[in-house]
Amino acid sequence: MNMLNVSSSPHVRDKDSTRGIMLDVCIAMLPTAAFGVVQFGISALLVIIVTVLAAVLSEYLWQKGMHKQVTICDCSAVVTGLILALNMPPEIPLWIPALGAVFAIILVKQLFGGLGQNWMNPALAGRCFLLISCAKYMNNFSSAGLGFDATTGATPLAIMKSAVKAGSDPMQGVDLMQLFIGRVPGTIGEVSAVALLIGGIYLLWKKVISWHIPVIYIATVAVFVFIFGHQSADYVLAQVLGGGLIFGAFFMATDYVSTPLTRKGQIIYALLIGLLTGLFRIFGTGAEGVSYSIIIGNMLSPLIESATIPKAFGRRGAKK
């Protein structure tokens, strides 16, 4: 008689681990982090170091204090700290991103049960918290760096928005090549489109993410700004390359925990956050909108998933 081995689920296991996936995400962000440090100098490096350390230390102290298993070795706190740091202006006072990291790890991640239980992207939640509570510092962008004077300058998106309101050419003073390379004011990790695309391609190659959310998200924003903004290919391209759209599309909108699991749900989710980003950018008071759009998408993600999950075969109400 053949003896069967009965064990508890899961019965199908994958060779990928949380730590491996998080390390791949960190590797993918290295090009844009390195460019940000070269562009903006030692202040950007300090922001990255302090924010990552604050995130890891917050997770360690909370789990120790709550007598839980310490999970800092899975590198998820490192990813949260790094994403948050790259969303910071380069010369922001260091206590602000540290505060954002504590908020992201403890209030958004750990209080809801830790990794896998948080209902929104912790790094994005931390950034939105800082945008509301420290708006003066969060919107103070330095143009210091290679080829720039140490002054505070408006971002390309802000320049275009002001020009459209004034009825002038929105592309006046905006250089697409400089946008692509990253020689513009902005947050540490969002300025270089080429560095972000290198990281995004790495994530796709490693199959950490699929193309559906980032491509549909970016395409939806492009179509929206063309229809409701300025009917110019250069303007649309500047909207895609400028701000946090590419960073958000590859590194924040694709978060496993806070996005729908179903393919149809991911498409709806990407369309939704794309429409919201376009709406905020064209009709909102600010020039950006990526962070708030993804946060709203995170909140609606369970509803989208429940509406798109396939019905089990033979379930009551299914078509015969």
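What counts and how
Residues numbered from 1 in each chain as written. Predicted model: local features only at pLDDT ≥ 70, side-chain atom pairs only at ≥ 80, totals over all residues. Heavy atoms only, no water. Core = buried A, V, L, I, M, F, W, Y, C linked by side-chain atoms within 4.5 Å. Buried < 20%, exposed > 50% of the residue type's maximum accessible area, 1.4 Å probe, protein only. Contact = heavy atoms within 4.5 Å. Helix = DSSP H or I, 4+ residues; strand = E, 2+ residues; numbered from the N terminus. Polar contact = N/O pair within 3.5 Å; in protein donor to acceptor, adjacent residues only side chain to side chain. 1 Å grid on protein atoms, 1.4 Å probe; cavity = no way out; pocket = protein on both sides within 12 Å on 5 of 7 lines; lining within 4 Å. Points joined across faces, edges and corners; volume = space filled by probe spheres on them. Nonpolar A, V, L, I, M, F, W, Y, C, P; charged D, E, K, R; others polar. Axes fitted to C-alpha atoms, helices over the stretch in contact; angles between N-to-C directions. Left-handed = near helix turned anticlockwise from the far one by under 90°. UniProt positions renumbered as here; feature names shortened; annotations may be inferred. Salt bridge = Lys/Arg side-chain N within 4 Å of Asp/Glu carboxyl O. Phe/Tyr/Trp six-rings, centres within 6.5 Å; stacked < 30°, edge-to-face > 60°. Lys NZ or Arg CZ within 6 Å of the ring centre and 35° of its normal.

Structural notes on the nonpolar core
At step 1: With 85 residues, the main nonpolar core has Met29, Tyr217, Phe251 and Ile294 as its most contacted residues.
At step 2: When residues no more than four places from it in sequence are discounted, the contact partners of Met29 are Val79, Leu82, Ile83, Leu86, Phe247 and Phe251.

Structural notes on helix H11 (residues 233–241)
At step 1: Restricting attention to buried positions, one finds in H11 the residues Tyr235, Val236, Ala238, Gln239, Val240 and Leu241.
At step 2: Its buried side turned inward, H11 meets helix H7 (156–166), helix H8 (176–181), helix H9 (193–205), helix H10 (212–228), helix H12 (245–252) and helix H13 (263–283).
At step 3: Where H11 begins, the capping side chain belongs to Ser232, and its oxygen is found 3.3 Å from the backbone nitrogen of Asp234.
At step 4: Looking one or two residues beyond H11, the residue adopting positive phi is Gly243, at roughly 70 degrees.

Digging into empty space enclosed by the protein
At step 1: In the structure shown here, the tally under the stated rule is one cavity of 30 Å³ or more.
At step 2: Taken as a whole, the largest cavity spans an internal volume of roughly 50 Å³.
At step 3: In terms of lining residues, the largest cavity is bounded by Pro156, Leu179, Val184, Pro185, Gly186, Glu190, Val191, Leu241, Gly242 and Gly243.
At step 4: A breakdown of the residues in the lining of the largest cavity according to their chemical character gives six nonpolar, three polar and one charged.

Observations concerning the packing of helix H2 (residues 42–65) against helix H4 (residues 95–109)
At step 1: Contact geometry of H2 with H4 gives a least axis separation of 8 Å together with a crossing angle of 30 degrees. By crossing handedness, the relation of H2 to H4 is classed as right-handed. Contact with H2, carried on its side by Val47, Val50, Thr51, Ala54, Ala55, Ser58, Glu59 and Trp62, involves Pro97, Ala98, Ala101, Val102, Ile105, Ile106 and Lys109 of H4 and no other residues of that element.

Section: the UniProt feature "modified residue: FMN phosphoryl threonine" (unreviewed entry) in the protein chain
At step 1: Feature annotation in UniProt places "modified residue: FMN phosphoryl threonine" (unreviewed entry) on Thr155, given in this structure's numbering.
At step 2: If you trace the backbone, Thr155 turns up in the loop between helix H6 (135–138) and H7.
At step 3: Residues in contact with Thr155, not counting those within four places in the same chain, are Phe141, Pro185 and Gly186.

As for the pattern of salt bridges
At step 1: Applying the stated criterion across every chain yields a total of two salt bridges.
At step 2: Note that Lys109 is salt-bridged to Glu59, the shortest N-O span being 2.7 Å. Here Lys109, found in helix H4, pairs with Glu59, found in helix H2; they are 50 residues apart in sequence, far enough to count as distant. Glu59 carries the same exposure label as Lys109, and that label is buried.
At step 3: Put simply, Glu288 and Arg281 hold a salt bridge, and the shortest N to O gap is 3.0 Å.

Here we look at the packing of aromatic side chains
At step 1: Counted by the stated rule, this structure contains six aromatic pairs.
At step 2: Centre to centre, the rings of Phe103 and Phe129 are 4.2 Å apart; their planes meet at 5 degrees, and the pair counts as stacked. Placement of Phe103 in helix H4 and of Phe129 in helix H5 (residues 122–133) is noted, with a sequence separation of 26 residues between them.
At step 3: Both rings, one in Phe228 and one in Phe283, keep their centres 6.0 Å apart while their planes meet at 65 degrees; by these two values the pair is edge-to-face. Residue Phe228 is located in helix H10, and its partner Phe283 is located in helix H13; the two are separated by 55 residues in the primary sequence.
At step 4: An aromatic cluster of three or more residues is present, and its members are Phe224, Phe228 and Phe283.
At step 5: For Lys206, the ring lying beneath its charged end belongs to Trp205, and the centroid distance is 5.7 Å.

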